[in-house]
Each structure stands twice: as C-alpha cells, then as structure tokens.
Amino acid sequence: MKRFGVSLEDNLLVKLDNLVSKRSFPNRSQAIRFLIRRHLTVEQWEKNREVSGCLVLVYDHHRSGLQKRLTSIQHDYHHLVLCSQHVHLDHNNCMETITLKGTAIELRELADRLIAVKGIIHGELVMSVLQ
Ligand code: NI
C-alpha cells in the first residue's frame with residue numbers, strides 16, 4: 001500500500017465527504033478506491049462489452065452522394081449491421097434507423113463515421129448491454 005497526498009477544492013472535498021457518509025465508507029481512501037475502480041470498470045465495459053445498438057440518422061436526401069457514402073461505410077462494417085430501415089419523413093428529409101450488434105467500441109466507431117458524413121443533420125447512437 002502506498003500513500004499519496006491529494007489536493008481538492010473545498011466544494012469537491014465536501015462532495016467526497018458526502019459520498020463517504022452516504023455510502024458508509026470507513027474513510028476517504030476507501031471512497032477514492034471505489035471511484036477509481038468504478039471508473040476503470042466503466043471504461044473497460046464501454047470498450048469491450050457486447051452490445052446491441054440503434055443508430056438514427058436524419059439527412060436531406062437531395063444531397064448528392066450522401067446516401068451512397070452511408071451505404072459504403074455500412075458495407076465496411078457489415079458484420080455489425082443487422083438491418084437498416086429508411087423512412088421518407090417529408091419531401092426533403094429522410095430518417096435511417098440502423099440496428100447494430102457488436103462491441104461497444106466498434107459500434108461507436110461506425111456511428112462516429114456515419115454521423116460525420118457531410119449532410120447529416122442529426123445522428124444519435126443508443127446502446128444496450130446484452131446480458
Ligand atoms: Ni427518403
């Protein structure tokens with residue numbers, strides 16, 4: 001066990017002490033251990049967990065090349081794509097809903113690439129953990 005000093009702003013220290021009492025930690029060190037472990041767990045979880053996901057994209061279909069680009073990117077990640085659905089929202093706007101399965105890091109990468117395509121008005125990825 002190693003000891004080290006931690007500097008905290010007053011208001012953050014109050015929050016830490018509240019956490020200590022709320023969770024009945026014996027001391028601040030135990031609370032900090034808990035927070036570090038939880039952070040690391042969440043980080044691992046986010047990267048490696050098998051998840052299912054749904055990506056929603058809204059875009060103007062008049063934009064040239066956009067649809068072709070979306071399809072091409074999805075083909076690069078075909079192992080993640082379970083299905084996709086296209087809805088014509090109105091005269092200009094389309095909504096594409098892409099159902100995905102894979103590790104969270106892969107889904108995030110694919111979603112980021114699709115959302116970054118020029119002309120995408122809105123993009124949002126929702127993920128849920130598979131039990
Ligand atoms: Ni459409």
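Please refer to the structure higher up on the page.
Rules behind the numbers
- Residues numbered from 1 in each chain as written.
- Predicted model: local features only at pLDDT ≥ 70, side-chain atom pairs only at ≥ 80, totals over all residues.
- Heavy atoms only, no water.
- Donors = N, O, S within 2.8 Å, 3.2 Å for Na, K, Ca; no water.
- Pairing = 2+ DSSP bridges.
- Helix = DSSP H or I, 4+ residues; strand = E, 2+ residues; numbered from the N terminus.
- Axes fitted to C-alpha atoms, helices over the stretch in contact; angles between N-to-C directions.
- Contact = heavy atoms within 4.5 Å.
- Patch = residues over 30% accessible without salt bridge, like charges linked within 9 Å, V, L, I, M, F, W, Y side chains within 5 Å.
- Areas by Shrake-Rupley, 256 points an atom, 1.4 Å probe, with all protein chains shown as cover.
- Salt bridge = Lys/Arg side-chain N within 4 Å of Asp/Glu carboxyl O.
- Buried < 20%, exposed > 50% of the residue type's maximum accessible area, 1.4 Å probe, protein only.

Colleague: Got a minute to help me understand the coordination of the nickel ion in this structure?
Modeller: Tetrahedral coordination by four donors places them ideally at 109.5 degrees to one another around the metal; octahedral coordination by six donors ideally gives 90 or 180 degrees. Those donors, His86 (NE2), His88 (ND1) and Cys94 (SG), are the protein atoms that reach the nickel ion, and they lie 2.1 to 2.3 Å from it. If you list the donors of the nickel ion from N- to C-terminus, the spacing comes out as H-x1-H-x5-C.

Colleague: Which parts of the structure should I look at to understand the pairing of strand β1 (residues 50-60)?
Modeller: Regular strands place their side chains on alternate faces of the sheet. Where β1 and strand β3 (residues 93-103) come together, 11 bridges link them in antiparallel fashion. In the sheet register, Gly53 faces β3, and the bridge partner there is Leu100. Where β1 meets strand β4 (residues 120-129), 9 bridges bridge the pair, whose relative direction is antiparallel. Bridge pairing links Ser52 to Ser128 in β4.

Colleague: What is the right way to look at the sheet that holds β4 in this model?
Modeller: Either a parallel or an antiparallel arrangement is found when strands of a sheet pair, and the pairing is made through backbone hydrogen bonds. Pairing is antiparallel in the open sheet, where 4 strands are placed in the order β2-β3-β1-β4. Each having just a single partner strand, β2 (81-88) and β4 make up the two edges of the open sheet. Across this sheet, the average inter-strand angle for adjacent strands is 15°, counted without regard to direction. Each of β1, β2, β3 and β4 touches helix α3 (residues 66-76); the most contacted strand, β1, lies at about 170° to it. Against the sheet, helix α4 (residues 104-115) touches β1, β2, β3 and β4, its axis set at about 160° to β3.

Colleague: Mind showing me how you'd approach a nonpolar patch on the surface here?
Modeller: Taken together, the side chains of Phe4, Val6, Leu8 and Leu12 make up a nonpolar region of the molecular surface, amounting to roughly 380 Å² of accessible area. The topology assignment puts Phe4 in the segment before α1 (10-22).

Colleague: Looking at this structure, I do not really get the pattern of salt bridges. What am I missing?
Modeller: Think of it this way: side chains of opposite charge can pair up when their charged atoms draw near. In this structure the tally under the stated criterion is 3 salt bridges. One salt bridge in this structure joins Asp17 and Arg28, with 2.7 Å as the shortest N-O distance. One end of the pair, Asp17, is in helix α1; the other, Arg28, is in helix α2 (residues 28-48), and 11 residues separate them in sequence. Judged by its relative accessible area of 30%, Asp17 is partly exposed. By relative accessible area, which is 40% here, Arg28 ends up partly exposed. Its salt-bridge partner being Arg108, residue Asp112 comes within 3.3 Å of it at the nearest N-O pair. Highlighted residues: Asp112 and Arg108, both in helix α4, separated by 4 residues, approximately one helical turn. Judged by relative accessible area, Asp112 falls into the partly exposed class, the value being 41%. Using a relative accessible area of 35% as the deciding quantity, one classes Arg108 as partly exposed.

Any functional reading would require information beyond the geometric quantities listed.
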